[in-house]
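Here's the letter readout for the chains.
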Amino acid sequence: MPILPRTVTSPKKFIIGHDLLPQLHDHVKDFGDNALLVSDEFILERVREEALAGLLQAGLTGAVEKFNYECTDIEIRRLCDLAEQQGANVIVGIGGGKTLDVAKAVAFYLRRPVVLFPTIASTDAPCTALAVIYNQAGEFERYLFLPQNPDVVIADTAIIAAAPVRFFAAGVGDALATYFEARACYRADGINLVGKRPSRTGLGLARLCYELLGENIEMAMDAVRHHATTPALEQIIEATIYLSGVGAEAGGLAAAHAVNNGMSVVPELHRAQHGEKVVFGLLTQLVLERAPQAELDEVMRIIHVAGLPMTLQEMGLTRFVESEWRKVAALACDPLDTMGNMPMAVNEQDVYGAMIAANAMAERYRARHPNH
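Residues numbered from 1 in each chain as written. Predicted model: local features only at pLDDT ≥ 70, side-chain atom pairs only at ≥ 80, totals over all residues. Heavy atoms only, no water.

Time to look at the overall build of the chain. Counting its secondary structure elements, the chain contains 13 helices and ten strands. Relative to a compact globule of 372 residues, whose C-alpha radius of gyration would be 21 Å, the chain shows 20 Å and is just as compact. Within the chain, the proportion of its 372 residues that are buried is 56%. As presented, the chain carries roughly 15,600 Å² of accessible surface, and 53% of it is formed by carbon and sulfur atoms. Between the mean site of the 32 positive side-chain charges and the mean site of the 45 negative ones, the chain shows a separation of 4 Å. (Helix = DSSP H or I, 4+ residues; strand = E, 2+ residues; numbered from the N terminus. Rg over C-alpha atoms; globule rule 2.2 N^0.38 Å. Buried < 20%, exposed > 50% of the residue type's maximum accessible area, 1.4 Å probe, protein only. Areas by Shrake-Rupley, 256 points an atom, 1.4 Å probe, with all protein chains shown as cover. Lys, Arg positive; Asp, Glu negative; His and termini not counted. Charge placed at Lys NZ, Arg CZ, Asp CG, Glu CD.)

So, in structure tokens, the structure goes:
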């Protein structure tokens, strides 16, 4: 069997700044002259008044369509039909993760370029070659793996800073795990998110992601809590959207995301954000790795400053049921998940014990540093 190559995959362009919605035409015109703009409802009027108006003034054609809340096969087909009727040769997604995923899927099926404009920074999904498809009830159905990453990702710091603080913090939580998972995967010579071996570049980008979080978290949280844009906020958005996405895709995932996936069986945690659950998965991974105290202290400092939940109780758990959490451990160790990218053999008992210890460690930290 041939040895798998190492990879680096990323969007063709990543743009970060403020007041970028009226300038959307500058990035659309490089790929086509007729754009379908799929938008979240909350920003629909601004998209019409700023983005569409800018397209028309630049001599391009466009239409705005409201995203119907869920990235389903039915919604994808509806938007594909609209794009074909319109003759759209560029697909633009403006909104949260599901809106961006539906735009990616429509562009894939129609073989069109796609431009993404995230309005929140809760995950690194905008940069990845992946869309998550749900059924009509809003339940996970499947992953749609795409042959390439988005053509352009545009991060408007003013729009992202105006979003609820919890979403921004969740993006910090998701990004915080990037370096530690990529490091584990690189040490194990495991498999990254495109089914190849991790690259040193992927590991380097993941490390830079962690460094930007550590350097900027206090000032960035000050900014986002007051809906202000600052250089520190810009660097955190660069970390949470771009570096985390490209670092994870090229570097690979490990225990943190595997534990997060296992936690989907705990009903009380269904309201927790993805990035909030990844934080607990990261603490579990660091316990499994027997990480040095200085590293644990820095990770928990970033979690604390971001205002993220650290203990299971803070995440919404009112009662710890051993059988439930043994199921979490079993799912986390599924051979199809990413626990196999850990540099040592890990079994269900190891994961269960590490989760207990991670929660105890988080509670001990909270006793010394009460959450604000």
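And the narrative resumes.
With that out of the way, let us pick up the nonpolar core. If you look at the biggest cluster of nonpolar residues, it comprises 81 residues, and the most contacted ones within it are Phe168, Met263, Leu283, Val299, Trp325, Met339 and Val351. Among the elements that line this core, the one with the most residues is helix α7 (residues 200-225), at twelve residues. Leave out the neighbours within four places in its chain, and Met339 touches Ala254, Ala255, Ala258, Val259, Ala332, Cys333, Val346 and Val351. Listed in part, the 24 residues of the second largest apolar core include Phe67, Cys71, Leu79 and Val102. (Core = buried A, V, L, I, M, F, W, Y, C linked by side-chain atoms within 4.5 Å. Contact = heavy atoms within 4.5 Å.)

Turning to the sheet that holds strand β3 (residues 34-39), a few remarks are in order. Spatially, β2-β9-β6-β5-β3-β4 is the arrangement adopted by the six strands of the open sheet, whose pairing is parallel. A strand with exactly one partner marks an edge of an open sheet, and here the two such strands are β2 (13-17) and β4 (61-66). Neighbour-to-neighbour, the strand axes of this sheet turn through a mean angle of 15°, independent of strand direction. Inspection of the sheet shows strand β5 (residues 90-95) paired to strand β6 (residues 114-118) by five bridges, in the parallel sense. Its bridge partner being in β6, Ile94 is matched across the sheet by Phe117. Each of β3, β4 and β5 touches helix α2 (residues 44-57); the most contacted strand, β4, lies at about 170° to it. (Pairing = 2+ DSSP bridges. Axes fitted to C-alpha atoms, helices over the stretch in contact; angles between N-to-C directions.)

Here the focus is unusual backbone geometry. Even without glycine at this site, Asp19 takes up a positive phi of about 60°. Mapping Asp19 onto the fold places it in the loop between β2 and α1 (24-28). With a relative accessible area of 46%, Asp19 lands in the partly exposed category. Of note, His227 is a non-glycine position whose phi angle comes to about 55°, a positive value. Along the chain, His227 turns up in the loop between α7 and α8 (231-251). Take His227: its relative accessible area is 48%, and that puts it in the partly exposed class.

This brings us to α7. Spanning 26 residues, α7 covers 35 Å between terminal C-alpha atoms, matching the ideal 38 Å at 1.5 Å per step. Positive phi appears at His227, one or two residues downstream of α7, with a value of about 55°. (Expected span 1.5 Å × (residues − 1).)

This part covers the environment of Ile3. Here Ile3 lies in the segment before β1 (6-7). According to the relative accessible area criterion, Ile3 is exposed, its value standing at 71%. Taking the C-alpha atoms as reference points, Ile3 and Lys196, 193 residues apart in sequence, are found 9.3 Å from one another.

It is worth spelling out the pairing of β6 at this point. Most of β6 is tucked away, with five of its five residues classed as buried. The alternating pattern of β6 places Val114, Leu116 and Pro118 and Val115 and Phe117 on opposite faces, both of which are buried. Following the chain from β5 across helix α4 (residues 97-110) to the adjacent parallel β6, one finds a crossover that is right-handed. In terms of strand pairing, β6 meets strand β9 (residues 152-156) through two bridges, oriented parallel. Across the sheet, the residue bridging to Val115 is Val152, located in β9. (Right-handed = clockwise from strand over helix to strand, strands pointing away.)

So, about a nonpolar patch on the surface. A grouping of Phe140, Tyr143 and Phe145 is seen on the molecular surface, where their side chains present a nonpolar patch of about 360 Å² in accessible area. Among the structural elements, Phe140 can be located in strand β8 (residues 140-145). (Patch = residues over 30% accessible without salt bridge, like charges linked within 9 Å, V, L, I, M, F, W, Y side chains within 5 Å. Salt bridge = Lys/Arg side-chain N within 4 Å of Asp/Glu carboxyl O.)

With that settled, consider the UniProt feature "domain: Alcohol dehydrogenase iron-type/glycerol dehydrogenase GldA" (unreviewed entry) in the chain. As annotated by UniProt and renumbered to match this structure, "domain: Alcohol dehydrogenase iron-type/glycerol dehydrogenase GldA" (unreviewed entry) occupies residues 11-157. Along residues 11-157 one finds 33% helix and 30% strand; the C-alpha atoms at either end are 18 Å apart. (UniProt positions renumbered as here; feature names shortened; annotations may be inferred.)

With their axes 12 Å apart at the nearest point, helix α11 (residues 293-305) and helix α13 (residues 348-368) run at an angle of 65° to one another. The angle between α11 and α13 falls in the class roughly perpendicular. Taken as a pair, α11 and α13 cross one another with a handedness that is right-handed. Residues Leu296, Met300, Arg301 and His304 of α11 lie in contact with α13, whose contacting residues are Met361, Tyr365 and Arg366. (Parallel < 35°, antiparallel > 145°, perpendicular 65-115°, else oblique. Left-handed = near helix turned anticlockwise from the far one by under 90°.)

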